[in-house]
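This is what each chain is made of:
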Amino acid sequence: MGSTDDAARHPPPRAGSRLCVRCGERKAALKRPKTLEQICRECFYIVFEDEIHQTIVNNTLFKAGERVAIGASGGKDSTVLAYVLSELNRRHNYGLDLFLLSVDEGITGYRDDSLETVKRNEIQYGLPLKIVSYKDLYGWTMDDIVKAIGLKNNCTFCGVFRRQALDRGAALLKVDKIVTGHNADDIAETVLLNILRGDIARLSRCTFITTGEDGPIPRCKPFKYTECIYSPNAYRGFAREFIKDLERIRPRAILDIIRSGENFRISTTTRMPEQGTCERCGYISSQKLCKACVLLDGLNRGLPKLGIGRTRVGVGAYGQQQAKRSERNTSSLQGKHGNFDF
Amino acid sequence: MAAASSCGGAGCGGPHCSSSAAAGAEEDVTSERLRRISIAGVCGKCDGGGAAVAVAGGVGMCRECFRAHLFGKFKLAVTSNAMVRPTDAVLLAFSGGPASRVALQFLQEMQSKAIQSWETSNSQALPVFGVGVAFIDEISVLLPKTKHETETAIEDIKAIVSSLSPGDKAVHIAPLEDVFSSESKDVESRLREVVSMIDDETGRDDFLRSLRMLSLQKIARENGYTKIMLGSCTSGIACHVLSATVKGQGYSLPADVQYVDTRWEVPVVLPLHDCLAQELSLLCEIDSLKTQQLLDRPSSGINNLVASFVARLREENPSREHTILRTAQKLKPFSFNKFSANGYHDFLPSRLRPKFQNVDGDGSTFSEILCLICGGPFSESELRNLESAKHKVQKKTDLYTAYCCQSCRSQIVPVDTNTFEHFFSLLPKFWTEKVDTASVSSLRDQIEDYLLEDSDDEN
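Attention in this report is confined to the structure presented alongside it. Source: prediction; values computed, not measured.

Looking now at the pattern of salt bridges. Using the criterion set out here, one finds 34 salt bridges over all chains in the structure. Between Arg 312 of chain B and Glu 241 of chain A there is a salt bridge, with its nearest N and O atoms 3.2 Å apart. Within this pair, whereas Arg 312 of chain B is found in helix α9 (residues 301-316), its partner Glu 241 of chain A is found in helix α10 (residues 234-249), the two belonging to separate chains. For Glu 265 of chain B, the salt bridge is made with Arg 221 of chain B, and the minimal N-O distance between the two is 3.2 Å. Taken as a pair, Glu 265 of chain B in the loop between β7 (260-261) and β8 (268-269) and Arg 221 of chain B in helix α6 (residues 201-222) lie far apart in primary sequence, 44 residues in all. For Glu 265 of chain B, a relative accessible area of 52% gives the class exposed. What emerges from the salt-bridge pattern is a single network uniting Glu 49, Glu 87, Arg 90 and Arg 91 of chain A.

Residues and elements named next belong to chain B. A rise of 1.5 Å per residue sets the reference length of α6, with its 22 residues, at 32 Å; its end C-alpha atoms lie 32 Å apart and thus fit the reference within 8%. Of all 22 residues in α6, 18 are buried, a share of seventy percent or more. Residue Asp 200 occupies the N-cap position of α6, its side-chain oxygen lying 2.8 Å from the main-chain nitrogen of Thr 202. Of the residues trailing α6, Gly 224 is marked for its positive phi of about 75 degrees.

Residues and elements named next belong to chain B. Interaxial distance between helix α3 (residues 98-120) and helix α8 (residues 277-286) falls to 8 Å at its minimum, and their mutual angle equals 65 degrees. With respect to α8, the element α3 is oriented roughly perpendicular. Crossing handedness for the pair α3 and α8: left-handed. Mapping the contact onto sequence places Pro 98, Ala 99, Arg 101, Val 102 and Phe 106 in α3 and Leu 280, Ser 281, Leu 283 and Cys 284 in α8. Split into classes, the residues belonging to the contact of α3 with α8 amount to 7 nonpolar, 1 polar and 1 charged.

What follows deals with the pairing of strand β4 (residues 97-104) of chain A. Residues and elements named next belong to chain A. Where burial is concerned, most of β4 is hidden: 6 out of the 8 residues are buried. Judged from the 5 bridges that link them, strand β3 (residues 67-71) and β4 form a sheet pairing that is parallel. Paired with Arg 67 across the strands is Asp 97, a residue of β4. In terms of handedness, the path from β3 via helix α3 (residues 76-91) over to β4 forms a crossover that is right-handed.

The interface is formed by 28 residues belonging to chain A together with 35 residues belonging to chain B. Carbon and sulfur atoms make up 65% of the area that chain A and chain B hide from each other, which totals about 2900 Å². Among the residues chain A hides against chain B, the three largest losses belong to Leu 196, Phe 238 and Arg 265 of chain A. Together they make up 28% of the total. Here chain A and chain B share 2 salt bridges between them. At the boundary of chain A and chain B, one finds 17 residue pairs in polar contact (both at pLDDT 80 or more). For the side of chain A that touches chain B, the secondary-structure elements that each account for two or more residues are α8 (184-197), α9 (200-205), α10 and α11 (253-263) of chain A. Of all the elements, α10 of chain A adds the most residues to the side of chain A that touches chain B, at 8 residues.

Another aspect to go through is the packing of aromatic side chains. Under the defined criterion, the tally for this structure stands at 19 aromatic pairs over all chains. An angle of 10 degrees between the planes, with centres 5.3 Å apart, marks the rings of Phe 334 of chain B and Phe 336 of chain B as stacked. Centre to centre, the rings of Phe 339 of chain B and Tyr 344 of chain B are 4.2 Å apart; their planes meet at 15 degrees, and the pair counts as stacked. Look at Phe 339 of chain B and you get buried, because its relative accessible area is 6%. The exposure class assigned to Tyr 344 of chain B is buried, which follows from its relative accessible area of 6%. The ring of Phe 334 of chain B has Arg 265 of chain A sitting right over it, with the charged end atom 3.7 Å from the ring centre. Lying across the ring of Phe 339 of chain B, Lys 227 of chain B places its NZ or CZ 4.7 Å from the centre.

Scoring rules and cut-offs
- Residues numbered from 1 in each chain as written.
- Chains lettered and ligands numbered in written order.
- Predicted model: local features only at pLDDT ≥ 70, side-chain atom pairs only at ≥ 80, totals over all residues.
- Heavy atoms only, no water.
- Salt bridge = Lys/Arg side-chain N within 4 Å of Asp/Glu carboxyl O.
- Helix = DSSP H or I, 4+ residues; strand = E, 2+ residues; numbered from the N terminus.
- Buried < 20%, exposed > 50% of the residue type's maximum accessible area, 1.4 Å probe, protein only.
- Expected span 1.5 Å × (residues − 1).
- Polar contact = N/O pair within 3.5 Å; in protein donor to acceptor, adjacent residues only side chain to side chain.
- Axes fitted to C-alpha atoms, helices over the stretch in contact; angles between N-to-C directions.
- Parallel < 35°, antiparallel > 145°, perpendicular 65-115°, else oblique.
- Left-handed = near helix turned anticlockwise from the far one by under 90°.
- Contact = heavy atoms within 4.5 Å.
- Nonpolar A, V, L, I, M, F, W, Y, C, P; charged D, E, K, R; others polar.
- Pairing = 2+ DSSP bridges.
- Right-handed = clockwise from strand over helix to strand, strands pointing away.
- Buried area = accessible area lost by both parts, 1.4 Å probe.
- Phe/Tyr/Trp six-rings, centres within 6.5 Å; stacked < 30°, edge-to-face > 60°.
- Lys NZ or Arg CZ within 6 Å of the ring centre and 35° of its normal.

So this is what it looks like as structure tokens:
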């Protein structure tokens, strides 16, 4: 093959092992799921980061000087997101002011570890961290909620509260944009689930790349792939398994699902529900009361079914709150954080 | 394109009564099943107090009410979409499975009733629609069966149709490879060759479905039929919704999930659109309607994965298939998803005509560009791609490729450009001719100003 000098400088790859298709020098360490190319580690980092950079540039996701909050769960997706964004920000001079924003749902044992990871991320990547907790915002932790209502519909509460928590946290930090670690698989799954549920309005919005006030609304597990301890949802499990099987047969199917989602012929009248604000807390809402206030009312009045399902909840005057829950009722939504201008 | 066969393997558990010898055993199974179902209580619809044999729409129903419930859905689909005119000759695509078996039964019932009214009517002005049955045999691309098995199966199918009264219905049994009959002597090897050029399993499956539609169109055209009726039911359509989504066909998806599809030379209608596969199978059991599924080609690749997925969803929630269909119905259909030929609705009684008033157009053909292979309408990006291809085109095959939708291009058309030409040369001329005429007429448009008409007289 080469001279002994060459061999000393560059130990040749073992006979039979493959070379990276990109650099042709290093040993291929993995197969890219997207293209099935065999590629070495260094090149993988390079193409991966470059593709993210291209996505950011081609979709003009940011403007210089913007304050951007990275939704950080401590999971692999948001950790990678934090790393890549801070790296690209530095390398390509995006000029962004980056923060880590984490939500503490108050699930003992589940969130504790992830919050530790996020605190490590704060140090590793030098990104300031802000944690918003359900307890502070709503007066209830998920542990409390599950104790009150059990394991049915708890995901609905968590999802609604989390969505708002991110937005409220972002408002506190006075950020211009929120970035989350949703990847193609998440979006593809969301497209499928919206078809299965008949949610045409969400179906039209869920492939948008820009997270606005009515951007993608993941309901249960926006950042982590690992199962939340409170979620026994078999239905979502089927969809996830289906997507995994699909990827095995045809890797590009994930992107094909997203392409379908983008091309669905949905009439524009179904896209945007009328945007108003919640009477109680000022959050964006198409009804008189935002979803979180409706759900909270239910919790505080011991009527946990309020706001669950399709029946329209009467939005007339609410009765007296139970005395012992009164401090929860007047919590954060109006007092501490005031009204929000979004 | 909606599947012509029953529900593409989405779990029709219909009985496979293929021979009279097994009939005795079959009956035991059926009555056993009925006894189990009867535990559901009494019929909630009628006062007859009959045992409930099925649950539909949340209500337990006796045999008669259940049958009436399904027939009602069939009839409603036919009448509210003006599917069958008195002057029509309807060709029913019969796969042998439960769904198309029920379609055959119901269609024949409708015809009988129409004949009865005609016989007792004073004017007898309007005729009664005609009915024929088509079975496309895919034996040459199926896993090998013995000659005896296939012959028996075909005889069964003929027997099923002839057992219906009144009268003789024409049965057209054609092998799939007949789509090549006008262009080739050895049609069977031609079919095998073109299929072998498709690497992707799902692509092969979908390609065969497209050929099946072409075959039905050919039979209809050559025998003077004016409508093709498919037995596609909710379950099959729901599977199609998901598999089309997964293949990136989100734009064209609405075209295949409506009641009416006039893209084709002979319009296609789907009267079992709102019936679940389970209900149709159950009806076949209850009424001992014979089915013959030996020659069913099971779906493969992604289509098969989707079918299993939908089956699991169905177990978890029986109305999931309806929900999937409802979502798809909220997508905007295309102009060819309704009858808009001038005067089409004239056959309707005047009280029903206002419903269709805004629909009757000037009879002009729709403007969408359709994929050469699957017939799917082109999305904006596919149109852009076609426009730029038209200008850059070097060879005919470049143009053919540009007339294929993105999904067909990636899963059916061979990747190797060297085999392109050969592949397109093997395709049914009916498909490639359309591109040839389109490109010729566009050429003509470009030079129109410079052409002299014969009648031009310089003097």
